[in-house]
Amino acid sequence: MLFRSLIFMAAHYAGHSHLQPHLGHMRAQSNMVTETIEGIETVKTSTAETQILNRWERLADSSAFASHAARLAHGMAQHWASTISQMMTIGALILGVYEISIGNDVVYTDTNARYLIQGEIVDLKTGINLTEQRSNDLNRIRWADLPLNDSVKVVKGKGTRQLAVFVDPNCGFCKKLEKSFQQMDDVTIYNFLIPILSPDSLTKSQQIWCSSDKAAAWTNWMINAQAPTGKTDCSTPLERNMALAKKWGVNGTPAIFFTDGSRIAGAVPLAQIEKKLK
């Protein structure tokens, strides 16, 4: 049996009773649907897959499920999934286990949709974390959608290679990552300031952005602990950066994005970053 990925796209969720008005519109917009169930649109499935989808149809009317979905989507907050735009096969991995994607979260269920399984699936033969791999695929961005002018740009060497990082100036792991970056060459780093840790993070972000040399102010603070002294009243992109971080499910710093749209969370080893940049 194949894993089926139920890709839940955002629909306004303000109480389960508000779900129904969206269904007719979503059905009207779909050109590829051959089978429709309540709250879900999908391609034609096998008998077993139809049974599980029908089970999820009944669960869609369950306030308990709606509440759980809302909790899973915490951080993306007032939206939860109500339709499937397409069904994707990711391989014959585990008999009778199905993957459900809700916002940025991946959970699992059984063929009868009785049990909801939260956790990670790891292939012990290859060592690959299948849940993490799938989550990364779902969370890919379009590099072209990054507003690079809203970042503190740091160029090392020719700057041919590129990456973007969502950072807080008071984030210890961001400072650790910045120290790793000092060992790199031929890379351009776009630092998107998101002051999420404290009021002082906001002040420092403003001062760094308002400095005459943003890159120097950023590096001096993160590497040399030389506090920025710039103004705080210039126009900044901080609110836009925060909104973008929320849209893309960035809930912590640092969060690294690569030109292929993939991401890595945390201050990972430099070798891992270099491998992604090759």
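Just above sits the structure.
Remember, it's a predicted structure, so these values are computed and weren't measured experimentally.

(A) Representation of the packing of helix 6 (residues 199-210) against helix 7 (residues 214-224) within the structure. At their nearest, the axes of helix 6 and helix 7 sit 7 Å apart, and the two run at 140° to each other. On the basis of the axis angle, helix 6 is oblique to helix 7. Contacts between helix 6 and helix 7 involve Lys 204, Ile 208 and Trp 209 from the first element and Lys 214, Ala 217, Trp 218 and Trp 221 from the second. Its residues assigned to classes, the contact of helix 6 with helix 7 comprises five nonpolar, no polar and two charged.

(B) Structural context of unusual backbone geometry. The peptide bond linking Thr 253 to Pro 254 adopts the cis configuration, its omega dihedral lying at -5°. With respect to the helices and strands, Pro 254 occurs in the loop between helix 8 (238-247) and strand 13 (255-258). Positive phi, close to 55°, is recorded for Asp 186, a residue that is not glycine. Tracing the backbone through its elements, the reader meets Asp 186 in the loop between helix 5 (172-181) and strand 12 (187-193). For Ala 225, which is not glycine, the phi dihedral falls at a positive 60°.

(C) Fine view of the state of the cysteines. Under the defined criterion, the tally for this structure stands at one disulfide. Bridging Cys 210 to Cys 234, the disulfide has an S-S length of 1.9 Å. Taking the torsion about the S-S bond as the criterion, the Cys 210 to Cys 234 disulfide, at about -95°, is left-handed. Pair noted here: Cys 210 is in helix 6 and Cys 234 is in the loop between helix 7 and helix 8, with a separation of 24 residues, a long-range link. According to the relative accessible area criterion, Cys 234 is partly exposed, its value standing at 30%.

(D) A look at the packing of helix 5 against helix 7. Two elements in contact, helix 5 and helix 7, have axes separated by 9 Å at closest approach and are oriented at 105°. Judged on the interaxial angle alone, helix 7 and helix 5 are roughly perpendicular. Facing Cys 174, Lys 175, Glu 178 and Lys 179 of helix 5, the residues of helix 7 in contact are Trp 218, Thr 219, Trp 221, Met 222 and Ile 223. Each residue belonging to the contact of helix 5 with helix 7 can be placed in one class, and the counts come to five nonpolar, one polar and three charged.

(E) Inspection of the pairing of strand 12 at higher detail. Within strand 12, seven of the seven residues are buried, which leaves the element mostly enclosed by the surrounding structure. Residues Val 187, Ile 189, Asn 191 and Leu 193 of strand 12 are buried on one face, and the alternating residues Thr 188, Tyr 190 and Phe 192, pointing to the opposite face, are buried as well. In this structure, strand 10 (residues 152-156) lies alongside strand 12, joined through five bridges in antiparallel fashion. If you follow Lys 153 over to strand 12, its bridge partner there is Tyr 190. Taken together, the seven bridges between strand 11 (residues 161-167) and strand 12 define a ladder with parallel strand orientation.

(F) Highlighting the pattern of salt bridges. Scanning the entire structure with this criterion turns up eight salt bridges. Between Lys 204 and Asp 200 there is a salt bridge whose closest N-O contact spans 2.7 Å. Residue Lys 204 and its partner Asp 200 are both found in helix 6; the two are separated by four residues, about one turn of the helix. Assessed through its relative accessible area of 11%, Lys 204 is described here as buried.

(G) Region of the structure containing helix 8. Of the residues making up helix 8, those classed as buried are Leu 238, Asn 241, Leu 244 and Ala 245. Taken down its axis, helix 8 places every buried residue within 125° of arc, on the same side. Opposite the buried face of helix 8, by more than 90 degrees, sit the exposed residues Glu 239 and Lys 247. In this structure, the buried residues of helix 8 make contact with strand 11, strand 12 and helix 6. Following helix 8 by one or two positions, Gly 249 has its phi on the positive side, about 70°.

(H) Looking closely at helix 9 (residues 270-277). Turning to helix 9, its buried residues are Leu 270, Ile 273 and Leu 277. Viewed along the axis of helix 9, the buried residues span an arc of 65°, placing them on a single side of the element. Opposite its buried face, helix 9 presents the exposed residues Ala 271 and Lys 275, each directed more than 90 degrees away. Buried residues in helix 9 make contact with strand 11, helix 5, strand 12 and strand 13.

About the thresholds
- Residues numbered from 1 in each chain as written.
- Predicted model: local features only at pLDDT ≥ 70, side-chain atom pairs only at ≥ 80, totals over all residues.
- Heavy atoms only, no water.
- Axes fitted to C-alpha atoms, helices over the stretch in contact; angles between N-to-C directions.
- Helix = DSSP H or I, 4+ residues; strand = E, 2+ residues; numbered from the N terminus.
- Parallel < 35°, antiparallel > 145°, perpendicular 65-115°, else oblique.
- Contact = heavy atoms within 4.5 Å.
- Nonpolar A, V, L, I, M, F, W, Y, C, P; charged D, E, K, R; others polar.
- Disulfide = S-S within 2.5 Å.
- Buried < 20%, exposed > 50% of the residue type's maximum accessible area, 1.4 Å probe, protein only.
- Pairing = 2+ DSSP bridges.
- Salt bridge = Lys/Arg side-chain N within 4 Å of Asp/Glu carboxyl O.
- Arc of directions from axis to C-beta.

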